[in-house]
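Coordinates in review
What follows is the residue order along each chain.
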Number of protein chains: 2
Amino acid sequence: MLRTAHQHTANNRTAGTAPLRRPGAVATRNSEFHSGYSNVQHPLCNIDENTRLHRYEDQIKKAFAAIVPTLKQISAIQHEPDFEFKAQQIARHGLGFDLPKNILADAWVEQLDMRRLFAWCMFYTYRRFCDEFFTARPEGSNANDFDAFLQACGFHTLDISPCADGRLAHLVRYVLRLPPRAVRRKSYAGAMFDVEDSIQKWVEIELQRFREGQPNTADAATRYLKVAAYHFSSVDPKHQGCAAHGSDTRKAAQAALERLVNFRQAIENSFCCGASIDLLLIGVDTDTDSIRVHVPDANGEMNLDRYLDTQDIYVETNNLGISDARREIGTAIQACSSDVTAGMTQFIARLIENNLSQIDYVLNHHGEHYPDIGHAERFIGAGVGFEDIQLRNLMYFAYLDTVEEGAADMDVGIRIFKGLNVTHGLPIPVVVRFDYHGRVPGARERARQRCGRVAQALTERYADLCNQNLLHVLQVARDCDSNKPIEIFACSVDAIDAGVH
Amino acid sequence: MLRTAHQHTANNRTAGTAPLRRPGAVATRNSEFHSGYSNVQHPLCNIDENTRLHRYEDQIKKAFAAIVPTLKQISAIQHEPDFEFKAQQIARHGLGFDLPKNILADAWVEQLDMRRLFAWCMFYTYRRFCDEFFTARPEGSNANDFDAFLQACGFHTLDISPCADGRLAHLVRYVLRLPPRAVRRKSYAGAMFDVEDSIQKWVEIELQRFREGQPNTADAATRYLKVAAYHFSSVDPKHQGCAAHGSDTRKAAQAALERLVNFRQAIENSFCCGASIDLLLIGVDTDTDSIRVHVPDANGEMNLDRYLDTQDIYVETNNLGISDARREIGTAIQACSSDVTAGMTQFIARLIENNLSQIDYVLNHHGEHYPDIGHAERFIGAGVGFEDIQLRNLMYFAYLDTVEEGAADMDVGIRIFKGLNVTHGLPIPVVVRFDYHGRVPGARERARQRCGRVAQALTERYADLCNQNLLHVLQVARDCDSNKPIEIFACSVDAIDAGVH
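Predicted model only: the values in this text are computed from it and were never measured. Starting afresh in each chain, residues are numbered from 1 along the sequence in its written order. To read the labels, note that chains go from A and ligands from 1, taken in the order they are written. Under the rules for a predicted model, residues below a pLDDT of 70 receive no local features and side-chain atom pairs below 80 are neither given nor counted, while totals for whole chains, interfaces and linings still include all residues. Side-chain measures here rest on the full set of heavy atoms in the structure, leaving out hydrogens and waters.

1. Describing the pairing of strand S2 (residues 155-162) of chain A
All names here are of chain A. Of all 8 residues in S2, 8 are buried; the element is thus mostly enclosed. Of the pairings in the sheet, the one linking S2 to strand S4 (residues 223-232) comprises 7 bridges and is parallel in character. For Ser161, the partnering residue across the bridge sits in S4 and is Ala228. Should DSSP find at least two bridges between two strands, the strands are regarded as paired. Secondary structure elements follow DSSP: runs of H or I of four or more residues count as helices, runs of E of two or more count as strands, with numbering from the N terminus. Pairing of S2 with strand S3 (residues 184-185), which is carried by 2 bridges, proceeds in the parallel orientation. In the strand pairing of S3, Asp159 is matched with Arg184. Each residue is placed in one exposure class: buried if its accessible area under a 1.4 Å probe, protein chains only, is under 20% of its type's maximum, exposed if it is over 50%, and partly exposed if it falls in between.

And the structure:
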């Protein structure tokens, strides 16, 4: 029998402090993959997709990683004759693009303005990779197929709220292997999503079903599925867990579960005729990308201590054939919650199977856990949009309309970047972005105004950083109703489209 | 034939500067009502309602108006022996309530803190009148009857956006004589309503029709009617018009019309299956409460120069019998736009007839125009709610979620109150209010937090005023799902419930 169904009591487990990985399981992995993690492979792993996803991640991560060493090289020669020419050569070789002439040209006066140059390179790299995303659409899985699968499981919409932490930014595309276009993702610090915002989305979707039969007609017996994803660190649980909940895993899980239940209650109280939604709570180990799934019972209720851990499942199905492994996953779900509905079972089984590929991905490319178990984001994203950001530890995401409402989330991000950048004398790059619907008259102009307003509010809130050239803001937006890339509205360093090529 | 259909061309009229009242009409009114305005009466006037509405307005206006003279009396005796006792006697006599003991008790140290006392009295009076509103519900007209009438005209929802100007706060209940509960009112400076917010409301209403058959079923051939109300001053058009549009009447009308058309376009572009809405533009003369109705054609199109003026209609129907007067109104609407739909005609006829009572109201109680043609608001209301404020020139209303987004509207309000209060050394009272749905779990707590956030943002934005004791904030909210009165969360002067009775 599988030992994957955790049923802890308060007695045998101390929340947030006990090692979250069963010692047996760790031993198996350690002995199996101790050296040269490059050729492990779970029978359910999607090898082709792992290769494709790794190529994409590697390329982009390398582009951002090249910025500091390249600028170091350039810094070293800033007072040499022919500096500007040599600097551009180094930039072209190291980064693949030219630097803005005016910043280089002013270097002789005192010294090269490295903070501006650094922010410029970050923004320019973001822009390049973003343009590529919307041209190439490297999204993999087919959104239509997924919609059909989702409906077969009894759901017409999948709405996921992970934590704003950059170590969960790849949750949809990598950890769960879902098509980003078919999933609503709104990130909040501590996964503390906005209930009113979610109600509004529910209303929109229901109307679409009634009026347009999209994604299915209103009489289909499917529901809106809201998922909240908390997170924890198996390697350093006391320090690298969720900052919003003081790295207390149980507190993070509890808070996310409460928010989910509140959302369901709100729908049931606000709308008649048996309106309700389905809920799912998952936990993500940001060190290994394995997940915990809190399997609901027949009434949709979940329990903090009743969950499946995909790391256990990985180990326990690793030596089976494909169909046996799948059967075992089904058995594990039933063992965790004997009366879970058939649709939810099917959905969870898919999530678990998908996640096994990601466990393989981490094992093969990084070993037992990621080297960067802590924060290593490159920039902060603030606003609405960023569907192109599906990579781990690249961007800290504060989903907000105003700094006034999103101040707590922004403050967490700024604190993280003070550690990452400011202590090294480097500025914090913030991309302010508000995607809009171009078919709504005036929407582009309002997005532009909102960008300006938020940028201004950031400048006021973090005036000390701005005054020291330690915070830079790029303002962008994208028309969701078109296939066009992002548009640049403004930038606190030199215009990102100017001065190059 | 009636001469009420205005069809101006650019040649015979200079926007915003020409007298907006036809000289003939003015002469008629002047000669008719030159002295002792107390017994004029239009045949279509609802005398009983005028009496009821005046009693209500008078009582509340007097309560606010009593504050300054009463405090003056108290100020004069502040260094007398037995001051506290005498002050309470004066307060009870002049205001009907006791003053907070601690403010009075500290007077001997230096002098009476009149700014705090003034703010306290304003907030306390607001609270009293607000409690009374939700207990007595002095709303008059029956909301259900009006819903039925609205649907008979082809509309299932009436959504009005007037200007935030306090001289339009009585638009629904007084100027148009509609039941506030049956009308959505969201005020914005210059009537520049938020298109996205309106789309969201449209979506909510449509879903309600589909799911609950409320206010009618989705297959009923009715539409959402959005009304924008700009305003102007017939007495002093260049100075007492809409501040947001520089007292330029044509600009104000043009901007409101554009916003309406954008909203319709947004609905048509964003939703399939022939989704659309109906529009109506009206202008309000804040000196006489007469209105201009820009009668739409068969396609719902309106023209800035094609409108009916109720002041003209008043004069031209004043000597007719009831049924003749009603027939003439119908004729005037047809003359203004020959192919206007029957439903819209019926609706506009009602608005016009209702407004004739209000013209009588102003004539009888104030004469040819209000004595306070300029701003004379008593406090600023910021947030969401305030359905109890249906009185003219009592509150400047900034509908907002955050100061960050609503800064422009707030700034206009603060500017007005610098003139009204600060120049006399009196503080600006601001009521921050966020009504919420108690059936949504956590909504009350979020309303409380939002109140605190907005109050904090106001304190930061207007720090100079706050530091001088010249801006005070009361934080309140009301559960829309209950019949309870407002709840006080916090106040920058002494607690409003403490120290009295």
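2. Topic: the relation of the copies chain A and chain B
The transform that puts chain A on chain B rotates by 180° and translates by 0.1 Å along the axis, for an RMSD of 0.0 Å. The superposition operator between the copies reduces to a two-fold rotation axis. For chain A, the smallest separation between a C-alpha atom and the rotation axis is recorded for Leu207 of chain A, amounting to 2.5 Å. The contact rule is simple, with two residues in contact once any of their heavy atoms fall within 4.5 Å. Most of the interface of chain A is mirrored in chain B, where 100% of its interface residues again form contacts. Superposition of the copies used a least-squares fit over C-alpha atoms from residues whose pLDDT is at least 70 in both.

3. Some words on the side chain of Arg167 of chain A
Residue and element names in this part refer to chain A. With respect to the secondary-structure elements, Arg167 resides in the loop between S2 and helix H8 (171-175). Arg167 sits in the buried class, given a relative accessible area of 1%. Contacts described as polar in this section are N or O atom pairs within 3.5 Å, which, within protein, must combine one atom able to donate a hydrogen with one able to accept it, while residues neighboring in sequence count only if both atoms come from side chains. In this structure the side chain of Arg167 is engaged in a polar contact, spanning 3.0 Å, whose partner is the backbone oxygen of Gln240. A distance of 2.8 Å separates a polar atom in the side chain of Arg167 from the backbone oxygen of Ile373. Residue contacts for Arg167: discarding those within four places in its chain leaves His231, Gln240, Gly241, Thr286, Ile373, Gly374, His375, Glu377, Arg392 and Asn393.

4. Structural notes on the sheet that holds strand S8 (residues 379-384) of chain A
Sheet strands pair via backbone hydrogen bonds, and the direction of the pair is either parallel or antiparallel. All names here are of chain A. Taken in spatial order, the 5 strands make up an open sheet running S9-S8-S10-S11-S12, and their pairing is mixed. Each edge of the open sheet carries a strand with a single partner, namely strand S9 (395-399) and strand S12 (487-491). Neighbour to neighbour, the strand axes of the sheet diverge by 25° on average, direction disregarded. Across 4 bridges, strand S11 (residues 471-477) lies against S12 in antiparallel orientation. If you follow Gln475 over to S12, its bridge partner there is Ala490. Only the contacting stretch of a helix is used when fitting its axis, a line to C-alpha atoms as for every element, and angles between N-to-C directions run 0 to 180 degrees. Strand contacts of helix H15 (residues 443-461): strand S10 (428-434), S11 and S12, with the helix running at about 150° to S10, the strand carrying the most contacts.

5. Digging into the interface of chain A and chain B
Each partner contributes to the interface: chain A provides 34 residues, whereas chain B provides 34 residues. Interface area, chain A with chain B, both sides summed: about 3,200 Å², of which 57% is carbon and sulfur. By definition, a salt bridge exists where a carboxyl oxygen of Asp or Glu is found within 4 Å of a side-chain nitrogen of Lys or Arg. The tally of links from chain A across to chain B stands at 4 salt bridges. Put simply, Glu405 of chain B and Arg450 of chain A hold a salt bridge, and the shortest N to O gap is 2.9 Å. When residues in the side of chain A that touches chain B are grouped by element, the largest group, 12 residues, is from helix H9 (residues 195-212) of chain A. Three categories are distinguished: nonpolar for Ala, Val, Leu, Ile, Met, Phe, Trp, Tyr, Cys and Pro, charged for Asp, Glu, Lys and Arg, and polar for the others, with Gly belonging to the last. For the side of chain A that touches chain B, the class distribution of residues is 17 nonpolar, 6 polar and 11 charged. Accessible area that two parts lose when put together, evaluated with a 1.4 Å probe and summed over both, is termed the buried area.

6. Let's talk about the sheet that holds strand S8 (residues 379-384) of chain B
All names here are of chain B. One open sheet accounts for 5 strands, arranged S9-S8-S10-S11-S12; its pairing is mixed. Bordering the open sheet on either side are strand S9 (395-399) and strand S12 (487-491), each of which pairs with just one other strand. Neighbour to neighbour, the strand axes of the sheet diverge by 25° on average, direction disregarded. Looking at chain direction, S8 and S9 are connected through 5 bridges and run parallel. Counterpart to Gly383 in the pairing with S9 is Tyr399. Its contacts with the sheet place helix H15 (residues 443-461) against strand S10 (428-434), strand S11 (471-477) and S12, and it is angled at close to 150° to S10.

7. Observations regarding the side chain of Ser233 of chain A
Residue and element names in this part refer to chain A. In this structure, Ser233 sits in the loop between S4 and helix H10 (249-270). Among the polar contacts listed, one links the side chain of Ser233 to the backbone nitrogen of Val235, at a separation of 3.5 Å. At a separation of 2.6 Å, a polar atom in the side chain of Ser233 contacts the side chain of Asp287. Once residues within four sequence positions are removed from consideration, Ser233 is found in contact with Gln240, Gly241, Asp285, Thr286 and Asp287.

8. Some points on the pattern of salt bridges
Scanning all chains against the criterion turns up 60 salt bridges over all chains. Residue Glu49 of chain B pairs with Arg52 of chain B through a salt bridge whose shortest N-O separation is 3.7 Å. Of this pair, Glu49 of chain B and Arg52 of chain B both sit in helix H2 (residues 47-65), 3 residues apart, roughly one helical turn. A salt bridge links Arg177 of chain B to Glu49 of chain B, with the nearest nitrogen and oxygen atoms 3.8 Å apart. Placement of Arg177 of chain B in the loop between helix H8 (171-175) and strand S3 (184-185) and of Glu49 of chain B in helix H2 is noted, with a sequence separation of 128 residues between them. One connected set of salt bridges, linked through shared partners, spans Glu49, Arg52, Arg173 and Arg177 of chain A.

9. Points about the domain arrangement of chain A
A common way to express how large an interface is: the accessible area buried when the components associate. Residues and elements named next belong to chain A. Domain delimitation in this document rests on an assignment produced automatically or drawn from a domain database. According to the domain assignment, chain A contains domain 1 (141-366) and domain 2 (374-491). On a C-alpha basis, the centres of domain 1 and domain 2 stand 27 Å from each other. Across the boundary between the two partners, domain 1 contributes 21 residues, which contact 18 residues of domain 2. The junction of domain 1 with domain 2 conceals about 1,700 Å² of combined surface from both sides, 50% of it contributed by carbon and sulfur atoms. At the junction of domain 1 with domain 2, the criterion picks out 0 salt bridges. The interface formed by domain 1 and domain 2 contains 9 residue pairs in polar contact (both at pLDDT 80 or more). Every element with two or more residues in the side of domain 1 that touches domain 2 is listed here: H8 and S3. The element that contributes the greatest number of residues to the side of domain 1 that touches domain 2 is H8, accounting for 3 residues. Counted by class, the side of domain 1 that touches domain 2 contains 7 nonpolar, 5 polar and 9 charged residues.

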